[in-house]
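Listed here are the chains, written in short residue letters.
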Amino acid sequence: TATLYVVATPIGNVTDITLRALHLLALADVVACEDTRKTGALLQRFGLSKSTIAAHQHNEREVADKIVERLRAGQRVALVSDAGTPGVSDPGARIVDAVRAAGLNVVPLPGPSAAITALSASGLVNDRFHFVGFLPAKAKGRETALAPLTRETSTLVFYEAPHRIVDCVEALVAAFEPTRQVVFARELSKMFEEIHRCTLGEALAWVKADAHREKGEFVVLVEGAVAASDAEDIEAERVLQILLTECS
Ligand code: SAM
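Residues numbered from 1 in each chain as written. Predicted model: local features only at pLDDT ≥ 70, side-chain atom pairs only at ≥ 80, totals over all residues.

If you check an unreviewed UniProt entry, the chain appears there as Ribosomal RNA small subunit methyltransferase I from Massilia aurea. According to UniProt, the comment filed for the chain under the heading Subcellular location (unreviewed entry) is "Cytoplasm". Annotation of the chain in UniProt includes, under Catalytic activity (unreviewed entry), the sentence "cytidine(1402) in 16S rRNA + S-adenosyl-L-methionine = 2'-O-methylcytidine(1402) in 16S rRNA + S-adenosyl-L-homocysteine + H(+)". (UniProt positions renumbered as here; feature names shortened; annotations may be inferred.)

Asker: Just to check I follow, could you spell out the overall build of the chain for this structure?
Answerer: Looking only at helices and strands, one finds nine helices and ten strands in the chain. With the principal axes as the frame, the chain shows a C-alpha extent of 85 × 40 × 35 Å. Relative to its 248 residues, the chain shows a buried fraction of 32%. (Helix = DSSP H or I, 4+ residues; strand = E, 2+ residues; numbered from the N terminus. Buried ≥ 20, exposed ≤ 12 C-beta atoms within 10 Å, placed from the backbone.)

Asker: Is there a simple way to think about the nonpolar core in this case?
Answerer: Generally speaking, nonpolar side chains in soluble globular proteins are found buried as a group. Ranked by internal contacts, the top residues of the largest apolar core, which has 32 residues, are A118, C168, V182, V219, V220, L221 and V222. Mapped onto this core, the elements with two or more residues apiece are α5 (114-120), β7 (155-160), α7 (165-175), β8 (181-186), α8 (200-208) and β10 (218-222). Filtering out sequence-adjacent residues up to four positions away, V182 remains in contact with C198, T199, L200, A203, V220, L221 and V222. Counting 27 residues, the second largest nonpolar core, distinct from the first, contains V6, A55, V80 and L109. (Core = buried A, V, L, I, M, F, W, Y, C linked by C-beta atoms within 7 Å. Contact = placed C-beta atoms within 7 Å.)

Asker: Looking at this structure, I do not really get the site of the ligand. What am I missing?
Answerer: Surveying the vicinity of the ligand reveals 24 residues, the closest of which are G84, S113, A114, Y159 and L188. Residues of the shell around the ligand, tallied by class, amount to eleven nonpolar, seven polar and six charged. (Near = placed C-beta within 6 Å. Nonpolar A, V, L, I, M, F, W, Y, C, P; charged D, E, K, R; others polar.)

Asker: Would you take a moment to explain the sheet that holds strand β5 (residues 105-109) for this structure?
Answerer: Two pairing modes exist for strands in a sheet, parallel and antiparallel, and in both the strands are linked by backbone hydrogen bonds. The strand order across the open sheet built from five strands is β3-β2-β4-β1-β5, with neighbouring strands paired in parallel fashion. Edge positions in the sheet fall to β3 (52-54) and β5, since each has one partner strand and no second. Adjacent strand axes in the sheet meet at a mean angle of 25° when their direction is disregarded. Taken together, the four bridges between strand β2 (residues 30-33) and strand β4 (residues 76-80) define a ladder with parallel strand orientation. (Pairing = 2+ DSSP bridges. Axes fitted to C-alpha atoms, helices over the stretch in contact; angles between N-to-C directions.)

Asker: Looking at this structure, how should I read the packing of α7 against α8?
Answerer: Helix packing for two helices is described by the angle between their axes and how far apart those axes are. The N-to-C vectors of α7 and α8 enclose an angle of 165°; their axes lie 9 Å apart at closest approach. One element, α7, and the other, α8, form an angle in the roughly antiparallel class. The handedness of the crossing between α7 and α8 is left-handed. Residue-level inspection shows I165, V166, V169, E170, L172 and V173 of α7 in contact with α8, the latter providing L200, A203, L204, V207 and K208. Grouping the amino acids of the contact of α7 with α8 by side-chain chemistry returns nine nonpolar, no polar and two charged. (Parallel < 35°, antiparallel > 145°, perpendicular 65-115°, else oblique. Left-handed = near helix turned anticlockwise from the far one by under 90°.)

Asker: For this particular structure, what's the right way to read unusual backbone geometry?
Answerer: Phi is mostly negative for residues that are not glycine, and the peptide bonds are mostly trans. The backbone of S89 sits at a positive phi, close to 50°, despite the residue not being glycine. Judged by C-beta crowding, with 16 C-beta atoms within 10 Å, S89 ranks as partly exposed. The backbone of S189 shows a phi angle near 65°, a positive value even though the residue is not glycine. Looking at where S189 falls in the secondary structure, it is placed in the loop between β8 and β9 (194-199).

Asker: Would you explain the environment of A78 in this entry?
Answerer: Here A78 lies in strand β4. As for A78 and A147, which are separated by 69 residues in sequence, their C-alpha atoms are 39 Å apart. Here A78 is in contact with Y5, V7, L24, L25, A28, V31 and A32, once residues within four sequence places are set aside.

Asker: Got a minute to help me understand the pairing of β8 in this structure?
Answerer: It is a general feature of regular strands that their side chains alternate between the two faces of the sheet. Within β8, five of the six residues are buried, which leaves it mostly tucked inside the rest of the structure. Looking at chain direction, β8 and β9 are connected through six bridges and run antiparallel. Residue pairing in the sheet places V182 in a bridge with C198 of β9. Direction of pairing for β8 relative to β10: antiparallel, over a ladder of five bridges. Residue pairing in the sheet places V182 in a bridge with V222 of β10.

Structure (structure tokens):
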């Protein structure tokens, strides 16, 4: 039936594709993808030859109308991005919105996403997290984006492009206390996967210690702020200890 299937694809290791994704891609009349060459290579890897249409950030609105037309004509359309879950720091939301607005069906196929993969191996609090995604490219923009997050108690999740990792870490170091834990999840599911936990105070030295680090794809997780009530408890405990020492 005429349905838009939102299909998650691997973030590195191609064998992370799900059986359901393969089945659905095989059945799809057309695959809407961010980069037709990249997705073409993935499809080819699994022996699938499909008609594709480009659906990237520069044509999302126009292509949304085309997808609605195809769905109205009874086609099955699969939507994929270059890696991971479409719509998560990736094109997709406008297309889904247009399809829903047209009263048509949207079915998501769950699969890899770098944020969730990183969280699962971070050991940081992950029942509450705040997904920030990419910080702005300019220093001032990064500062403005980080300012309201300093009191956020959930774990903060950032995406970063390889060439900006140093700038990103510098901005985090300027914004948050150096004692906070930070986890770098680099090249997840790929050959040079690294998951490193340290304090924010140690973070810049770690990133700079190996030139390869400025090439990989990163998720950066930052421990949330200590909740105000916890901070008060810690302060009360500290004062009590001083008094007890003085009195003994
Ligand atoms: N839609 C994708 C998802 O669901 O995770 C995210 C796409 S976004 C354009 C690309 C960013 O995701 C990268 O810059 C990096 O921050 C993160 N990312 C993607 N693959 C990754 C990987 N294998 N290891 C670490 N981070 C990754």
